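# Residue-level structure breakdown
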Amino acid sequence: MSLETLQTLFKRDLLRLKFEIESYKEEASLWKVDHTITNSAGNLCLHLVGNLNALIGVPFGKTDYKRDREAEFSLKNVHRSVLIKQIDATILTVEKSLETINEADLKNDSPIVSSKTEVTTVDYYLTHLALHLSYHLGQINYHRRFFE
């Protein structure tokens, strides 16, 4: 996948994430769960922001972001405006971080080694993260339609 395509997909899906969070009619619905849906949209949003800041911002943008993955799933009732600010900041971080990469870098070894995936190159790594974003974005869309 080309760097331009990856940049476009991350921006598109982060803007869709913002749209989904803004589209909840009742802010409290962001945090609803039941016996079949165990992750709230609010927690999935926090997870995506944490994931992209830690796995794109830190290695490529050289940010000093400190991830608290446990809090991504344990925090509750974070105000929607805070989520939106975090998404906006993540958009900027991802954009600036991806600008530090050139097409040739995509074939380099990934800066992150994971025991869960066969991450090998920067291209694979970034594609994996884009798909992860898209997967959870779909869950948030379903969550919104289910609970509202």
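Everything here concerns the structure above.
A brief structural summary. In this text, all values refer to a predicted model and were calculated from it rather than measured experimentally.

Parameters at a glance
Residues numbered from 1 in each chain as written. Predicted model: local features only at pLDDT ≥ 70, side-chain atom pairs only at ≥ 80, totals over all residues. Heavy atoms only, no water. Helix = DSSP H or I, 4+ residues; strand = E, 2+ residues; numbered from the N terminus. Buried < 20%, exposed > 50% of the residue type's maximum accessible area, 1.4 Å probe, protein only. Contact = heavy atoms within 4.5 Å. Polar contact = N/O pair within 3.5 Å; in protein donor to acceptor, adjacent residues only side chain to side chain. Axes fitted to C-alpha atoms, helices over the stretch in contact; angles between N-to-C directions. Parallel < 35°, antiparallel > 145°, perpendicular 65-115°, else oblique. Left-handed = near helix turned anticlockwise from the far one by under 90°. Nonpolar A, V, L, I, M, F, W, Y, C, P; charged D, E, K, R; others polar. Phe/Tyr/Trp six-rings, centres within 6.5 Å; stacked < 30°, edge-to-face > 60°.

### A short note on the environment of Glu-72
On the secondary structure map, Glu-72 appears in helix α3 (residues 69–74). A relative accessible area of 4% places Glu-72 in the buried class. C-alpha of Glu-72 to C-alpha of Val-49: the two residues are 23 residues apart in sequence and 8.8 Å apart in space. Residues within four places of Glu-72 in sequence aside, it is in contact with Asn-43, Leu-46, His-47, Gly-50, Asn-51 and Arg-67. For Glu-72, the side chain forms a polar contact with the side chain of His-47, separated by 2.9 Å.

### A word on the packing of helix α1 (residues 3–23) against helix α2 (residues 41–61)
One way to put it is that α1 packs onto α2 with a least axis distance of 11 Å and a crossing angle of 155 degrees. Taken together, the axes of α1 and α2 are roughly antiparallel relative to one another. Seen along the crossing, α1 lies across α2 with a hand that is left-handed. In contact with Phe-10, Leu-14, Leu-17 and Ile-21 of α1, α2 contributes Ala-41, Cys-45, Leu-48, Leu-52 and Ile-56. Broken down by class, the residue content of the contact of α1 with α2 amounts to 9 nonpolar, no polar and no charged.

### Here's the deal with the packing of aromatic side chains
Throughout the structure, instances matching the rule amount to 3 aromatic pairs. On the basis of an interplanar angle of 85 degrees and a centroid distance of 4.9 Å, the ring pair of Phe-146 and Phe-147 is categorised as edge-to-face. Residue Phe-147 is classed as buried on the basis of its relative accessible area of 17%. Taken together, Tyr-142, Phe-146 and Phe-147 form an aromatic cluster joined through their ring pairs.

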